[in-house]
Amino acid sequence: MDEQTEDVAVVEEPAEEASDGCDHASGTPCRREFVGGGDDPRDRGLCEVIDSEEKAWEGRIFDVDTLRVTLLDGRPARRDVVRHPGAVALVALTDDGRVCLVRQYRTALDRVTVELPAGKLDPGEDPERCARRELLEETGFEAEKLALLTSIVTSCGFSDELIHIYMATGLTFVGSDPDADEFLNVDLVDTEEFVDAVLDGRVEDAKTVVGALALDAIGRRLG
């Protein structure tokens, strides 16, 4: 058997007993090829049963639903889930190798952050169409080409938000048109400086970190 896919025997510590007397432990770690979530037959044995779902709160940008579920051992539990329509973000590259970044105040953090241009999907909106709209509104650029880099779930522990990250090239500046409640500045930063800022911890926004690392990985593979 190939060494990379051979099961690895390990010594497991006894599972800690839960406060209510229920025991549970993970399976034995094994070396194998990567298998996506839901594609392993064993994944079915990890799924909770959703018994009910009701809207607990409705907001302008997202809603919060309360779910009642049954755990694997039969116990009931509650899950509060943020329902979000999804969003897009753009790694927009100028012809001279600079990345468009937006500076804006984030109330939740009470400070200005530096991020990739991004925006929320309208219900049923095509992500690529949304990406072109948000790029124009926030930076004033139109892109000749868009290519999907990756899609990320921003916080799967409590939210279903999915952000599609695109690379935009062939940029032409035609003038920005931000939303009425949107105040921001746009920087054009050297790509290496951008990646260094992420690796140094000076950029914390998740979609921006992922976009920078994807850009760096593509550059290394093509180089």
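Rules and cut-offs
Numbering of residues begins from 1 in every chain and follows the order in which that chain's sequence is written. In keeping with the predicted nature of the model, local features appear solely for residues at pLDDT of at least 70, side-chain atom pairs appear and are counted solely at 80 or more, and the whole-chain, interface and lining totals rest on all residues. To get the side-chain values, all heavy atoms of the structure are used, and hydrogens and water are removed first. The pairing criterion is simple: DSSP has to find at least two bridges between the two strands. Numbering of helices and strands runs from the N terminus, with a helix taken as a DSSP run of H or I at least four residues long and a strand as a DSSP run of E at least two residues long. A carboxyl oxygen of Asp or Glu within 4 Å of a side-chain nitrogen of Lys or Arg is what we treat as a salt bridge. Accessible area is worked out with a 1.4 Å probe on protein chains only. A residue is then buried under 20% of its type maximum, exposed over 50%, and partly exposed in between. The convention used is that axes are lines fitted to C-alpha atoms, helices contributing only their stretch in contact, and that angles between N-to-C directions extend from 0 to 180 degrees. Throughout this description, any angle smaller than 35 degrees is read as roughly parallel, any larger than 145 degrees as roughly antiparallel, any in the 65 to 115 degree range as roughly perpendicular, and the remainder as oblique. For any helix crossing, the convention is left-handed if the near helix is rotated counterclockwise from the far helix by under a right angle, and right-handed if that rotation is clockwise. Throughout, a contact is declared for two residues whenever any of their heavy atoms are within 4.5 Å. Three residue categories are used. Nonpolar comprises Ala, Val, Leu, Ile, Met, Phe, Trp, Tyr, Cys and Pro, charged comprises Asp, Glu, Lys and Arg, and polar comprises the others, including Gly.

## With respect to the pairing of strand β9 (residues 162-173)
Here strand β4 (residues 87-92) runs beside β9; their pairing, made up of six bridges, is parallel. By the bridge assignment, V91 is partnered in β9 with M167. For strand β8 (residues 141-153) and β9, the ladder comprises 11 bridges, and the chain directions are antiparallel. Of the residues in β9, the one forming a bridge with L146 is A168.

## Digging into the pattern of salt bridges
Applying the stated criterion across every chain, the model contains 21 salt bridges. Here R32 and D40 are joined by a salt bridge, their closest N and O atoms 2.6 Å apart. Among the ionic pairs, D80 bridges to R78, the shortest N-O distance being 3.1 Å. The exposure class assigned to R78 is partly exposed, which follows from its relative accessible area of 47%. Through salt bridges with shared partners, a single network forms among E53, K55, D63, D65, R83 and D160.

## Concerning the packing of helix α2 (residues 191-199) against helix α3 (residues 206-222)
The N-to-C vectors of α2 and α3 enclose an angle of 125 degrees; their axes lie 9 Å apart at closest approach. Looking at the two axes, α2 sits oblique to α3. The two elements α2 and α3 meet at a crossing, and its hand is left-handed. Residue-level contacts link T191, F194, V195, V198 and L199 of α2 to T208, V209, A212, L213, L215 and D216 of α3. Among the residues making up the contact of α2 with α3, the classes are represented as eight nonpolar, two polar and one charged.

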